[in-house]
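# Structural description and commentary
Here's the letter readout for the chains.
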Amino acid sequence: MERILLVEPDYKNKYPPIGLMKIASYHRGKEDYVEFYKGKAPYTMIAKFDRVYVTTLFTFYYEITVETIRHYLNYMHKDNVYVGGISATLLQKKYKKDLKIDNVIARQLTSSSLLGYDDAVNIDDLPLDYDILDDIKYEYPSGDNIFLYTTRGCPRGCEFCAVSKLEPRFKDTNSIINQINATREKYGDKRNILIMDNNVLYSKELDKVVRDLNAVGYINNTPNYIGV
Ligand code: SF4
């Protein structure tokens, strides 16, 4: 059993770290111990873990993010520190150079081999682990929702937009009914659904997405709210 520490730097964030929630599902599926921390954990805590994953968000949070990663590198071998997420994808070379580390992942976690495991799990397709949010005091303004992707990527390729780098291929994702039911079963129902797509309106499956949402109880003219 590995002991896994998931870290989000101590910046403000409206949404919980979806990538870390998927990594939590992956490791819990292997019966590893998983804990989430926001900011710089004390050394006495870090020393109990085998591996740290640090997520990154906006590029304007670069300084606080690098400072946080350096903190963990002070106490853990660089081969056991993994950095991923939006800013890491956009500034991969800079993170590697400034921090002198190799494990900066600049893409979606479509295979666990990117994390050095040989079980070939598509971590990006795993359900979210909402339990990690109970490990921290920080409350995400939009934390109490079911988060869904119905598509990834966007085919438009607008010059000013980073989506083509973050999610280069546009595709429909796995069944949203299964995603919602699995979340409800494990974590209880939530009043709202937040659809995190870049461009759900481009999906050829849009009618089906709406029908599926209706089928699981998210219906127009009810108090439920579907945020896109
Ligand atoms: S997500 Fe929006 S801004 Fe980005 S490429 Fe697609 S349409 Fe353009």
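Residues numbered from 1 in each chain as written. Predicted model: local features only at pLDDT ≥ 70, side-chain atom pairs only at ≥ 80, totals over all residues. Heavy atoms only, no water.

## A word on the site of the ligand
- All residues in the neighbourhood of the ligand are listed as C154, R156, G157, C158, F160, C161, N198 and N199.
- Residue composition of the shell around the ligand, grouped by class: four nonpolar, three polar and one charged. (Near = heavy atom within 4 Å. Nonpolar A, V, L, I, M, F, W, Y, C, P; charged D, E, K, R; others polar.)

## Focus: the domain arrangement of the chain
- When its domains are assigned, the chain resolves into domain 1 (3–131) and domain 2 (144–227).
- Relative to domain 2, the C-alpha centre of domain 1 lies at a distance of 24 Å.
- A buried area of about 1300 Å², summed over both sides, lies between domain 1 and domain 2, and 64% of it is on carbon and sulfur atoms.
- For R152, the salt bridge identified is with D124, shortest N-O distance 2.9 Å.
- Across the domain 1-domain 2 interface, the total number found is three residue pairs in polar contact (both at pLDDT 80 or more).
- Elements supplying a minimum of two residues to the side of domain 1 that touches domain 2: α1 (18–29) and α4 (86–90).
- With three residues, the top contributor of residues to the side of domain 1 that touches domain 2 is α4.
- Classifying every residue of the side of domain 1 that touches domain 2 gives seven nonpolar, two polar and five charged. (Domains from an automatic or database assignment. Buried area = accessible area lost by both parts, 1.4 Å probe. Salt bridge = Lys/Arg side-chain N within 4 Å of Asp/Glu carboxyl O. Polar contact = N/O pair within 3.5 Å; in protein donor to acceptor, adjacent residues only side chain to side chain. Helix = DSSP H or I, 4+ residues; strand = E, 2+ residues; numbered from the N terminus.)

## Let's talk about the nonpolar core
- Core analysis: the biggest nonpolar cluster contains 38 residues, and L6, F36, Y53, L115, I132, I193 and L213 have the highest contact counts within it.
- The set of elements that each furnish at least two residues to this core consists of β1 (3–8), α1, β2 (33–38), β5 (146–148), α7 (176–187), β8 (192–195) and α8 (206–215).
- The biggest single contributor to this core is α1, with six residues.
- A domain-level breakdown of this core finds at least three residues from each of domain 1 (3–131) and domain 2 (144–227).
- Apart from the residues within four sequence positions on either side, L115 is in contact with R51, Y53, Y82, I105, L109 and I123. (Core = buried A, V, L, I, M, F, W, Y, C linked by side-chain atoms within 4.5 Å. Buried < 20%, exposed > 50% of the residue type's maximum accessible area, 1.4 Å probe, protein only. Contact = heavy atoms within 4.5 Å.)

## Structural notes on the sheet that holds β2
- Strand order in the open sheet formed by four strands is β2-β1-β3-β4, with parallel pairing between adjacent strands. Here the strands that pair on one side only, and so sit at the sheet edges, are β2 and β4 (81–85). The sheet shows a mean angle of 20° between the axes of neighbouring strands, taken without regard to direction.
- Bridge count for β1 against strand β3 (residues 51–56) is four bridges, and the pairing is parallel. In the strand pairing of β3, V7 is matched with V54. (Pairing = 2+ DSSP bridges. Axes fitted to C-alpha atoms, helices over the stretch in contact; angles between N-to-C directions.)

## Overview of the pairing of β1
- For β1, the tally of buried residues reaches five of six residues, placing the bulk of the element in the interior.
- In this sheet, β2 lies alongside β1 in parallel orientation, the contact comprising six bridges. Bridge pairing in β2 links V7 to Y37.

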